[in-house]
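These are the residues of each chain, in order.
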Amino acid sequence: MRIVHSKLLTLCMALATLSCSGKASPKNLCEHLIEVLPKMQTGDIDECLKDMADMKESVGEEAFAAFSKCAMGATGENDLVGCLAKATSKSVENYQKNSQNTEAKFMVQKMYDGVRAFAMTPQVDTESLMAASPRLPAESVGPTPPLGSCCKQGGKCEPNAKDWEHPTWMAIEFAISDPFYYSYEYKKTSDTEFSVIAHGDLDCDGDYSTFTLTGSMTADGNIPPPGEVEEVKPLE
């Protein structure tokens, strides 16, 4: 569908932030566009599907879903331009959120490393003054600051040294001294297992993302390096 391809490409270029390239797209959307846009009525459905796939690859799943929903109600070229602008806005928003959740991934790694260092450091029993068995930090802590704190400050938390005075935070040497977006938690789930978690609500709608690393300690106090960060609703 060379006419459709040319038209969509022109609109994408005019909006500057969409670069059409990618894989899969709903057939009914193309059928609708071919029906309502006069310059597309001689087009080929397969070429349109390719164009839609390209856009989906470019802007991402969520932004493309916003475009598709809007475009299904389009009755002309101006409507489609507005839908592309909406997809662009959503794509930029998601890019910003992805940049912000880099913080969460970095900080859960930092917490994990702090727990590893604590467990692998020789411990002394305070009563007998004898060497103690390796152990995890004893007490769970967080989320710190409490969930919703960053949204109450406009979406970003200002650092407060007192937030990190809990013995567990001090034991793993974890504190944040720059403005940040997430609340952090250390959860001891057994004598040898733990999780470190970042909780976020970047759009302040009460629905939280989580970024989690889990670990377990061997009898000699060794904690293996972490695996992949488990992400749940990362764009929330």
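Only a predicted model underlies this, so the values are computations on that prediction, with no experimental measurement involved. (Residues numbered from 1 in each chain as written. Predicted model: local features only at pLDDT ≥ 70, side-chain atom pairs only at ≥ 80, totals over all residues. Heavy atoms only, no water.)

When you look at the overall build of the chain in this model, what are you seeing that I'm missing?
Scanning the chain from terminus to terminus reveals seven helices and seven strands. In sequence order, the chain lays out its α and β elements as α-α-α-α-α-β-β-β-α-α-β-β-β-β. Going through the 236 residues of the chain one by one, you find that 40% of them count as buried. The long-range fraction of contacts in the chain, counting pairs at least 24 apart against all pairs at least 6 apart in sequence, stands at 61%. Element-wise, carbon and sulfur atoms account for 53% of the exposed surface of the chain, whose accessible area totals about 12,500 Å². (Helix = DSSP H or I, 4+ residues; strand = E, 2+ residues; numbered from the N terminus. Buried < 20%, exposed > 50% of the residue type's maximum accessible area, 1.4 Å probe, protein only. Contact = heavy atoms within 4.5 Å. Areas by Shrake-Rupley, 256 points an atom, 1.4 Å probe, with all protein chains shown as cover.)

Can you help me understand the side chain of H199 in this one?
Considering the arrangement of structural elements, one finds H199 in strand β5 (residues 193-200). A polar contact is formed between the side chain of H199 and the side chain of E185, at a distance of 2.7 Å. Residues within four places of H199 in sequence aside, it is in contact with P143, L147, Y182, S183, E185, Y208, S209 and T210. (Polar contact = N/O pair within 3.5 Å; in protein donor to acceptor, adjacent residues only side chain to side chain.)

Please explain the environment of T192 as it appears in this structure.
By the element assignment, T192 lies in the loop between β4 (182-188) and β5. C-alpha separation for the pair T192 and S216, spaced 24 residues apart in sequence, amounts to 5.4 Å. What T192 contacts, discounting residues up to four positions off in sequence, is L136, G215, S216 and M217.

When you look at the pattern of salt bridges in this model, what are you seeing that I'm missing?
Where charged atoms from two side chains of opposite charge approach closely, those side chains can pair. Within the structure shown, the criterion is met by two salt bridges. Between K105 and E231 there is a salt bridge, with the nearest N and O atoms lying 3.3 Å from each other. Separated by 126 residues along the polypeptide, K105 in helix α5 (residues 77-120) and E231 in strand β7 (residues 230-232) bring together distant segments of the chain. For D207, the salt bridge goes to K233, with nearest N and O atoms at 3.0 Å. With D207 in the loop between β5 and β6 (209-216) and K233 in the segment after β7, this pair connects stretches of sequence that are 26 residues apart. When its relative accessible area of 27% is taken as the criterion, D207 is described as partly exposed. (Salt bridge = Lys/Arg side-chain N within 4 Å of Asp/Glu carboxyl O.)

Would you mind showing me how to read the state of the cysteines here?
A covalent bond between the sulfur atoms of two cysteines is referred to as a disulfide. Evaluated as defined, the whole model comprises two disulfides. The disulfide bridge from C150 ends at C157, spanning 2.1 Å between sulfur atoms. Because the sign of the S-S torsion sets the handedness, a value of about -115° for the bond joining C150 and C157 places this disulfide among the left-handed ones. Assessed through its relative accessible area of 6%, C150 is described here as buried. For C157, a relative accessible area of 0% gives the class buried. The disulfide partner of C151 is C204, and the S-S distance across this bridge is 2.2 Å. One disulfide, between C151 and C204, carries an S-S torsion of -95° and so falls in the left-handed class. With C151 in helix α6 (residues 149-152) and C204 in the loop between β5 and β6, the pair connects residues that are 53 residues apart, well separated along the chain. What makes C204 partly exposed here is its relative accessible area of 36%. (Disulfide = S-S within 2.5 Å.)

It is not clear to me how the packing of aromatic side chains should be interpreted in this structure. Could you clarify?
We describe a pair of aromatic rings using the distance from one ring centre to the other and the angle between the two ring planes. Inspection of the entire model under this criterion finds eight aromatic pairs. One aromatic cluster is present, built from ring pairs that chain together W164, W169, F174, F180 and Y184. (Phe/Tyr/Trp six-rings, centres within 6.5 Å; stacked < 30°, edge-to-face > 60°.)

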